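# Survey of secondary and tertiary structure
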Protein chains: 2
Amino acid sequence: MFTVSSQEQNNNNTRPRVVIVGGGFGGLALAKQLKKAPVDVLLLDKNNYHTFQPLLYQVAIGSVEADSIGFPIRRIFTRHDNFSFNMAEVKTVNTENNTLTTNIGTIHYDYLIIATGSDTNFFGNKEIEHYAMPMKNIPQALNLRSLILQNLETALVTSDQREKFALMTFVVVGGGPTGVELSGALAEMRHLILMKDYHGLSKYDMRVYLVEGKDRLLASMSTQASAKAKEFLTKADVTIYNSAHVESYDGFYLKIDNGKTIKTRNVLWAAGVKGEMPEGIPSESIAKGNRIYVDNINRVKGYENVFAIGDVAAMITDELPNGLPGVAPAAIQQGTALGKNLVRLIKGEQTVPFKYKDKGSLATVGRNKAVADLGKLRFQGFFAWLLWGFVHLLSLAGFSNKTIIFFSWAINYFTKNSDNRLVVRHFNTETRVTEGE
Amino acid sequence: MFTVSSQEQNNNNTRPRVVIVGGGFGGLALAKQLKKAPVDVLLLDKNNYHTFQPLLYQVAIGSVEADSIGFPIRRIFTRHDNFSFNMAEVKTVNTENNTLTTNIGTIHYDYLIIATGSDTNFFGNKEIEHYAMPMKNIPQALNLRSLILQNLETALVTSDQREKFALMTFVVVGGGPTGVELSGALAEMRHLILMKDYHGLSKYDMRVYLVEGKDRLLASMSTQASAKAKEFLTKADVTIYNSAHVESYDGFYLKIDNGKTIKTRNVLWAAGVKGEMPEGIPSESIAKGNRIYVDNINRVKGYENVFAIGDVAAMITDELPNGLPGVAPAAIQQGTALGKNLVRLIKGEQTVPFKYKDKGSLATVGRNKAVADLGKLRFQGFFAWLLWGFVHLLSLAGFSNKTIIFFSWAINYFTKNSDNRLVVRHFNTETRVTEGE
């Protein structure tokens, strides 16, 4: 098998070939920006769909359907003439001859953009990696959904009270937006759904913990947002441990460095990410968090034609010594800016340094509750929650996904329930993989 | 671990315990019918959700979301006081002491209803079972969706023309409603989507075959419906082989007893079903197609308190020497009737023999095209298609599922496309299982 894409066969002209690795927010923004550019674009992704990561936690909790937060990449570019896509895993970047080694063959590039995003960071702890549940993609969110529902089912038929409580104890590690949203959603499930549908389980037996290493939740937001998120979660009976780090988890006992040990069968890991990238990037280009150092036009240091955008890029400046935040708007802005700069480079024009425009941050904590920092404007509660829903709905790819998420939310809101609590694939708690059929 | 359901703990009264194995159409109808009956109902299913099987093919083809044809069983019975549910696999029926051996412990019953439905019948051919794709549940439909999409992606990067055609050749085996609907949907995908989204593939290279053993399609319907279904499919460029049986399939070559050999990587098996049941049913009670002989009140012959309904039941009469058709209305009617008869039995009243009311049959062949037999009334085309959609929408469990399927259909209809073509889990074509994440 060898790559013969339609683009390649027709590519007897002199248009440079731009290869984008990764169909996340950054990669898509770049490909869209290049629609009319004098280049051929090839986008590669190991999946044939784009994932709307901000709503993964709603898949895990059964609020929305898995398929409605994914969108087929091909559909987005149906009307792009200079675009092609291949489902491929890129193994190695060979900068010496401008090629990629992939599972579908060797692919040549004139310009390469690494937009491979980030993966869960377990900080080297193999035991935690084995037993805790990550949530960075749709299959993982579905695994988490299966685990939560299976453990509630098992709790119903478990007579050992300590084991029953362990099955009903949920510990979310990491108090960033994902951890806050996930623990808020679990608390809501306990409150609204547990005793309604699981006759025989008491909501007083279900416990939700949130463990955060820093001294406040949502550390990237204002102290006001942090305080309010903590207040909302505490009211919803989430036990919050700040300045606390997980020491170990063996599938039964979670040890925290504040002296607490929690017996739990559900550890949800949202405590950090690290850049994910193919092999072949020299070690001197790798920054903290396994990211790639890039200059102010997202070019990888030491190369003329290799770029990185989004979560995998570390654009370190005096103002931002840790680089940009790993959020969708930063990736989208970098993709769009790089699209313009690539055209300038090809035309021999002056490039324009990237400038990040922080449009603000939003995090939801539960029904009617969210926190918002929009520049100097900070507010929390119902309007923040409405704004959160509105922004996320508009950002979703595709009219169909927007419609389905909107109706799912509306129906869940009014029925105070949800229809997506299906164990579509059984998650084997011993082997930690789902079982096929 | 031992079953201690809430129902069991409180069960110090003398209400008999009715245990239903299987949450399909029949099992649900029975449990609903027993809502006010003087019994305790325990429903067991290996899944925590009900599957709306008539739309599985639309999941396989990517038209609707997998989650929207499943519905959590617990939600259906939120307001039933005498109902409990456990997710459990029933391994053996022990009729000598009225218990079930399950993976969550031993469960006692006073009345047992086997409503375990049917599974794909490969007629003992292990090779075909390994390489052909069945489609009887949601994971299998998702596997099929992955296979179809993966093979199209692979076709794009395959330079060997014969292999490329094999990847783009789809053979549906079985010309009943499922096979007709699936081949029609594949033909529609070729016509509407292939060249729009898969630049580089030609619709003239994609082939769809339908192989049926009988001399006409939809053999359970009128000859008029059969003829029209054949006409619709032929117009859509589906090659139909009637009176043809598959001899072998080794993953590459499908041999048919009409002398044809098709090189294909996609064999979709809809050629028959057989009853699925726990162990412990004596062999003299097993009818053709691995079903259980039942009398006219669905009682298993030789037992006082064991019943079978739906696909797994063989209610053989002079008028129906093969038993009832394996369709949802037959299972629902049996469930409802048995619910009434159980109450009569408990009260010592006379039972009423079951009488099947055939409300007619519908099968869709594609956009705007379906066939309908409603008693003497037979019609085909647009109105049959509208009726098909209407009936299926109303039959779906849950307002949310109805809403989401309705909007998915409406959007697909007007955009002539669909958003659910995601390879959410990779199907390994060698091992024939999906790979977890």
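### Here we look at the overall build of chain A
Check the secondary structure of chain A and you find twelve helices and 27 strands. Its C-alpha radius of gyration of 23 Å places chain A within 12% of the 22 Å reference for a compact globule of 437 residues. With respect to the three principal axes, the spread of C-alpha positions in chain A is 70 × 50 × 40 Å. In chain A, which comprises 437 residues, the share counted as buried stands at 57%. Looking at chain A alone, contacts between residues at least 24 apart form 63% of all its contacts between residues at least 6 apart. Carbon and sulfur atoms make up 51% of the accessible area of chain A, which totals about 17,800 Å². On chain A, the mean spot of the 48 positive side-chain charges and the mean spot of the 41 negative ones are 7 Å from each other.

### Quick notes on the interface of chain B and chain A
Residue-level contacts link 66 residues of chain B with 66 residues of chain A. Across the chain B to chain A interface the summed buried area is about 5,800 Å²; carbon plus sulfur atoms make up 54%. Counting across the chain B and chain A interface gives four salt bridges. Ionic pairing is found between Arg145(B) and Asp67(A), a salt bridge with its closest N-O pair at 2.8 Å. The interface formed by chain B and chain A contains 18 residue pairs in polar contact (both at pLDDT 80 or more). For the side of chain B that touches chain A, the secondary structure elements donating two or more residues are β4 (70-72), α4 (73-76), β5 (83-87), α6 (138-156), α8 (177-197) and α12 (399-415) of chain B. With eleven residues, the single largest contributor to the side of chain B that touches chain A is α6(B). Taken together, the residues that form the side of chain B that touches chain A break down as 26 nonpolar, 28 polar and twelve charged.

### Remarks on the sheet that holds strand β25 (residues 377-381) of chain A
Residues and elements named next belong to chain A. Taken in spatial order, the three strands make up an open sheet running β23-β24-β25, and their pairing is antiparallel. In the strand order of this sheet, the two ends are held by β23 (361-366) and β25, each with one partner. On average, each strand axis in the sheet is tilted by 5 degrees relative to the strand beside it, whichever way the strands run. Strand direction decides the pairing type here: strand β24 (residues 369-374) and β25, joined by five bridges, are antiparallel. Bridge pairing links Ala-372 to Phe-379 in β25.

### Points about the environment of Leu386(B)
Residues and elements named next belong to chain B. Relative to the helices and strands, Leu-386 resides in helix α11 (residues 382-395). Residue class for Leu-386 comes out partly exposed when judged on its relative accessible area of 41%. Taking the C-alpha atoms as reference, Leu-386 lies 10.0 Å from Arg-367; in sequence the two are 19 residues apart.

### Re the nonpolar core
Ranked by size, the top nonpolar core spans 97 residues in total, and within it Ile69(A), Ile20(B), Leu34(B), Ile113(B) and Leu342(B) carry the most contacts. Element by element, the count of residues in this core is highest for helix α6 (residues 138-156) of chain A, at ten residues. Setting aside residues no more than four positions away along its own chain, Leu34(B) makes contact with Val18(B), Val39(B), Val41(B), Asn82(B), Gly339(B), Leu342(B) and Val343(B).

### Remarks on the relation of the copies chain B and chain A
Mapping chain B onto chain A is achieved by rotating through 180 degrees and translating by 0.0 Å along the same axis, at an RMSD of 0.0 Å. One copy is carried onto the other by what is essentially a two-fold rotation axis. The position closest to the rotation axis in chain B is occupied by the C-alpha of Ile404(B), lying 3.0 Å away. Both copies contact each other with a shared surface, as 100% of the interface residues of chain B are interface residues in chain A too.

### As for empty space enclosed by the protein
Under the defined criterion, the tally for this structure stands at five cavities of 30 Å³ or more. Estimated volume of the largest cavity: approximately 210 Å³. The wall of the largest cavity is formed by 17 residues, among which Leu142(A), Val424(A), Arg425(A), Leu142(B) and Val424(B) lie closest to the centre. In terms of residues, the lining of the largest cavity owes the most to one element, α6(B), which gives four residues. Counted by class, the lining of the largest cavity contains seven nonpolar, four polar and six charged residues.

### Observations concerning the sheet that holds strand β22 (residues 313-314) of chain A
All names here are of chain A. Read across the sheet, three strands follow the order β19-β20-β22 without closing on themselves; strand pairing throughout is mixed. Each having just a single partner strand, β19 (286-287) and β22 make up the two edges of the open sheet. Note that strand β20 (residues 291-293) and β22 share two bridges and pair parallel. Its bridge partner being in β22, Tyr-293 is matched across the sheet by Ala-314.

### Brief notes about unusual backbone geometry
Residue and element names in this part refer to chain A. Positive phi, normally seen in glycine, also occurs at Ser-243, with a value near 50 degrees. With respect to the helices and strands, the residue Ser-243 is situated in the loop between β13 (238-241) and β14 (246-249). Accessibility expressed as a relative area gives 43% for Ser-243, which makes it partly exposed. Even without glycine at this site, Asn-298 takes up a positive phi of about 70 degrees. In this fold, Asn-298 is placed in the loop between β20 and β21 (306-308).

### Let's talk about the confidence of the model for chain A
All names here are of chain A. Of all residues in chain A, 97% have pLDDT values of 70 or greater, and the mean over the chain is 93. Across residues 1-11, where pLDDT falls below 50, the model places 32 contacts with residues more than four positions away in sequence or in other chains. For this predicted complex, the interface score ipTM comes out at 0.90, alongside a pTM of 0.93.

### Focus on the pattern of salt bridges
Where charged atoms from two side chains of opposite charge approach closely, those side chains can pair. Under the counting rule described, the total for this entry stands at 22 salt bridges over all chains. Taking the shortest distance from any N to any O, the salt bridge between Arg74(B) and Glu153(A) comes out at 2.8 Å. Taken together, the positions of Arg74(B) in helix α4 and Glu153(A) in helix α6 put the pair across two chains. On the basis of relative accessible area, Arg74(B) is assigned to the buried category, the value being 7%. Notably, a salt bridge pairs Lys235(B) with Glu231(B), separated by 3.5 Å at the nearest N-O pair. On the criterion of helical spacing, the pair formed by Lys235(B) and Glu231(B) is a turn pair, its members being four residues apart in helix α9 (residues 223-235).

### Side note on the side chain of Thr78(B)
Inspection of the secondary structure assignment puts Thr78(B) in the loop between α4 and β5. Given a relative accessible area of 18%, Thr78(B) falls into the buried group. There is a polar contact of 3.0 Å between the side chain of Thr78(B) and the backbone oxygen of Arg75(B). Excluding anything up to four places from it in sequence, Thr78(B) contacts Lys196(A), Asp197(A) and His199(A).

### Brief notes about the packing of aromatic side chains
By the definition in use, this model includes 23 aromatic pairs over all chains. Here the aromatic rings of Phe122(A) and Trp269(A) are separated by 5.7 Å at their centres, their planes lie at 25 degrees, and the arrangement is stacked. With Phe122(A) in the loop between β10 (118-120) and α5 (126-131) and Trp269(A) in strand β17 (residues 266-269), this residue pair connects regions lying 147 residues apart in the sequence. The same class applies to Phe122(A) as to Trp269(A), namely buried. Each ring, one from Tyr413(B) and one from Phe414(B), has its centre 5.3 Å from the other, and the planes form 90 degrees; the classification is edge-to-face. Every member of this aromatic cluster is reached through a ring pair, and the members are Phe382(A), Phe383(A), Trp385(A), Tyr413(A) and Phe414(A). Above the plane of the ring of Tyr413(A) lies Arg367(A), whose end atom (NZ or CZ) is 4.2 Å from the centre.

### Section: the environment of Gly272(B)
All names here are of chain B. Along the polypeptide, Gly-272 turns up in the loop between β17 (266-269) and β18 (273-275). When the C-alpha atoms of Gly-272 and Gly-117 are compared, they prove to be 13 Å apart, with 155 residues separating the residues in sequence. Residue contacts for Gly-272: discarding those within four places in its chain leaves Asp-119, Thr-120, Asn-121 and Phe-123.

Thresholds applied
Residues numbered from 1 in each chain as written. Chains lettered and ligands numbered in written order. Predicted model: local features only at pLDDT ≥ 70, side-chain atom pairs only at ≥ 80, totals over all residues. Heavy atoms only, no water. Helix = DSSP H or I, 4+ residues; strand = E, 2+ residues; numbered from the N terminus. Rg over C-alpha atoms; globule rule 2.2 N^0.38 Å. Buried < 20%, exposed > 50% of the residue type's maximum accessible area, 1.4 Å probe, protein only. Contact = heavy atoms within 4.5 Å. Areas by Shrake-Rupley, 256 points an atom, 1.4 Å probe, with all protein chains shown as cover. Lys, Arg positive; Asp, Glu negative; His and termini not counted. Charge placed at Lys NZ, Arg CZ, Asp CG, Glu CD. Buried area = accessible area lost by both parts, 1.4 Å probe. Salt bridge = Lys/Arg side-chain N within 4 Å of Asp/Glu carboxyl O. Polar contact = N/O pair within 3.5 Å; in protein donor to acceptor, adjacent residues only side chain to side chain. Nonpolar A, V, L, I, M, F, W, Y, C, P; charged D, E, K, R; others polar. Pairing = 2+ DSSP bridges. Axes fitted to C-alpha atoms, helices over the stretch in contact; angles between N-to-C directions. Core = buried A, V, L, I, M, F, W, Y, C linked by side-chain atoms within 4.5 Å. Least-squares fit on C-alpha atoms with pLDDT ≥ 70 in both. 1 Å grid on protein atoms, 1.4 Å probe; cavity = no way out; pocket = protein on both sides within 12 Å on 5 of 7 lines; lining within 4 Å. Points joined across faces, edges and corners; volume = space filled by probe spheres on them. pLDDT = per-residue confidence, 0-100. Phe/Tyr/Trp six-rings, centres within 6.5 Å; stacked < 30°, edge-to-face > 60°. Lys NZ or Arg CZ within 6 Å of the ring centre and 35° of its normal.

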